[in-house]
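Residues per chain, in single letters:
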Amino acid sequence: MAVALRVDGLYAGYHGGRVLHGVGLTVEAGQVQALVGRNGAGKTTLVHAIAGLLRPYSGVVEIGGTDLAGRPAHQVARAGVGIVPQGRRVFPSLTVAEHLKLAARHQEGPMWTIKGVLELLPRLGERLDHRGDQLSGGEQQMLAIARALLTQPRVLLLDEPSEGLALDLAARVRGLVTGLAQAGLSLLLVEQRLDHAIEVADRIAVLDYGRVIFDAPTAQVRADPTTVQSMLSIDQPLPQGS
Ligand SMILES: Nc1ncnc2c1ncn2[C@@H]1O[C@H](COP(=O)(O)OP(=O)(O)O)[C@@H](O)[C@H]1O
Ligand SMILES: [Mg+2]
């Protein structure tokens, strides 16, 4: 199977300190690779290092066979990597229509048009004149996904897209993720909940203290979720006196 994104030996962090310690991860074309891990494990740092928003210290970030590690975000985007950032990052004072026009402005002969994303996300079409700060959390998330699609990605990085959403909206986001993969997109999905990752992913990896400590087909995790669940549970303090 073709590899859409290959990360290998990736070291990254802040101010010279390391957060990622030689991360390796692969996203096959048309597949959903989930990434789970405790708060602070380095998931967002990894997403940013892949997208060119954070310059890694060393390692490989290969998109369609070309190493783009250390390239600026606009070059990585042009190579086909889209990002739906954690917390959505919608502009409060721009309308939905303005967000979409901004996102679409650079691309010619696009796979995704504004018309196309509005067919996929009809709710946004009813909100075109609403400002970012007038949207619900779910609408903001749909807008963040629409905006990323308009950059014509082959690989889409989604950083906790269901965070803070009601369960029915989170389920809609998972439905979208599945549909996009079926349409041929390759997805790296950072997900808080293991049960949700199991529902949509082809593979599930666990990041812990900046290292991938587990990576297996979802069927394996479904058959034995407790192994991964135990990697995600908060460390219990030792009893007094031990
Ligand atoms: N901009 C930053 N500057 C310094 N440290 C950061 C920055 N962003 C994240 N960190 C630190 O890097 C570690 C990993 O954070 P992050 O990648 O956000 O984890 P996750 O997304 O898995 O919750 C944490 O210890 C966090 O405090
Ligand atoms: Mg994060």
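The structure we're discussing is the one just above.
Each value, and the rule that gives it
Here, residues in each chain are numbered from 1, in the same order as that chain's written sequence. Throughout, the order in which chains and ligands are written sets their labels, letters from A for the former and numbers from 1 for the latter. Where totals are concerned, whole chains, interfaces and linings use all residues; where local detail is concerned, this predicted model gives features only for residues with pLDDT of at least 70, and gives and counts side-chain atom pairs only at 80 or more. The side-chain numbers reported here are obtained from all heavy atoms of the structure, hydrogens and water having been left aside. Any two strands with at least two DSSP-identified bridges between them are counted as paired. Working definition: helices are DSSP H or I runs of at least four residues, strands are E runs of at least two. Numbering for both runs from the N terminus. Fitted lines through C-alpha atoms give the axes, limited to the stretch in contact for helices. The angle between two N-to-C directions lies from 0 to 180 degrees. Whether two residues touch is decided by their heavy atoms; if any such pair falls within 4.5 Å, the residues are in contact. The cutoff for a nearby residue is simple: one of its non-hydrogen atoms must lie within 4 Å of the molecule or strand. Pairs of N or O atoms within 3.5 Å make up the polar contacts considered here, provided that, within protein, one atom can donate a hydrogen while the other can accept it, and that residues adjacent in sequence are counted only when both atoms are side-chain atoms. Think of it as three bins: nonpolar holds Ala, Val, Leu, Ile, Met, Phe, Trp, Tyr, Cys and Pro, charged holds Asp, Glu, Lys and Arg, and polar takes everything else, Gly as well. Note: metal donors comprise N, O and S atoms at 2.8 Å or less from the metal (3.2 Å for Na, K and Ca); water molecules are not included, so apparent gaps in a site are possible. Only protein chains enter the accessibility calculation, which uses a 1.4 Å probe; a residue is then buried when its area is under 20% of its type maximum, exposed when over 50%, and partly exposed in between.

Visitor: A description of the sheet that holds strand S9 (residues 203-208) should follow, citing residues and the corresponding values.
Guide: Adjacent strands of a sheet pair through backbone hydrogen bonds, lying either parallel or antiparallel. On the basis of which strands lie adjacent, the open sheet formed by 6 strands has the order S6-S7-S8-S3-S9-S10 and mixed pairing. Where the open sheet ends on each side, the last strands, each with one partner, are strand S6 (81-84) and strand S10 (211-217). Direction aside, the axes of adjacent strands within the sheet are offset by 15° on average. Judged from the 6 bridges that link them, S9 and S10 form a sheet pairing that is antiparallel. Bridging across to S10, Ile 204 finds its partner in Ala 216. Helix H1 (residues 43-51) rests against strand S3 (32-36), S6, strand S7 (155-159), strand S8 (186-190) and S9 of the sheet, and its axis sits at about 150° to S7. Packed on one face of the sheet, helix H7 (residues 167-182) meets S3, S7 and S8 and runs near 155° to S8.

Visitor: I'd like a description of the site of ligand 1, backed by residues and values.
Guide: Close to ligand 1 lie Tyr 14, Val 19, Arg 38, Asn 39, Gly 40, Ala 41, Gly 42, Lys 43, Thr 44 and Thr 45. A distance of 2.7 Å separates an oxygen atom of ligand 1 from a polar backbone atom of Gly 40. Taking Lys 43, its side chain carries an N or O atom lying 2.8 Å from an oxygen atom of ligand 1. The dominant element in the shell around ligand 1, judged by the number of residues it contributes, is H1, at 3 residues. When grouped by side-chain class, the residues that make up the shell around ligand 1 number 3 nonpolar, 5 polar and 2 charged.

Visitor: Run through the coordination of the magnesium ion (ligand 2), naming residues and quoting values.
Guide: Taken together, the protein ligands of the magnesium ion (ligand 2) are Thr 44 (OG1) and Gln 86 (OE1), with distances of 2.0 to 2.3 Å. On the criterion of sequence distance, the pair formed by Thr 44 in helix H1 and Gln 86 in the loop between S6 and helix H3 (96-104) is long-range, its members being 42 residues apart. In this structure Gln 86 comes out as partly exposed when scored by relative accessible area, which is 25%.

Visitor: Outline the side chain of Thr 45, listing residues and values.
Guide: Of note, Thr 45 is situated in helix H1. Under the relative-accessibility criterion, Thr 45 is labelled buried at 8%. Not counting chain neighbours up to four residues away, the residues in contact with Thr 45 comprise Ala 12, Tyr 14, Val 19, Leu 20 and Leu 54.

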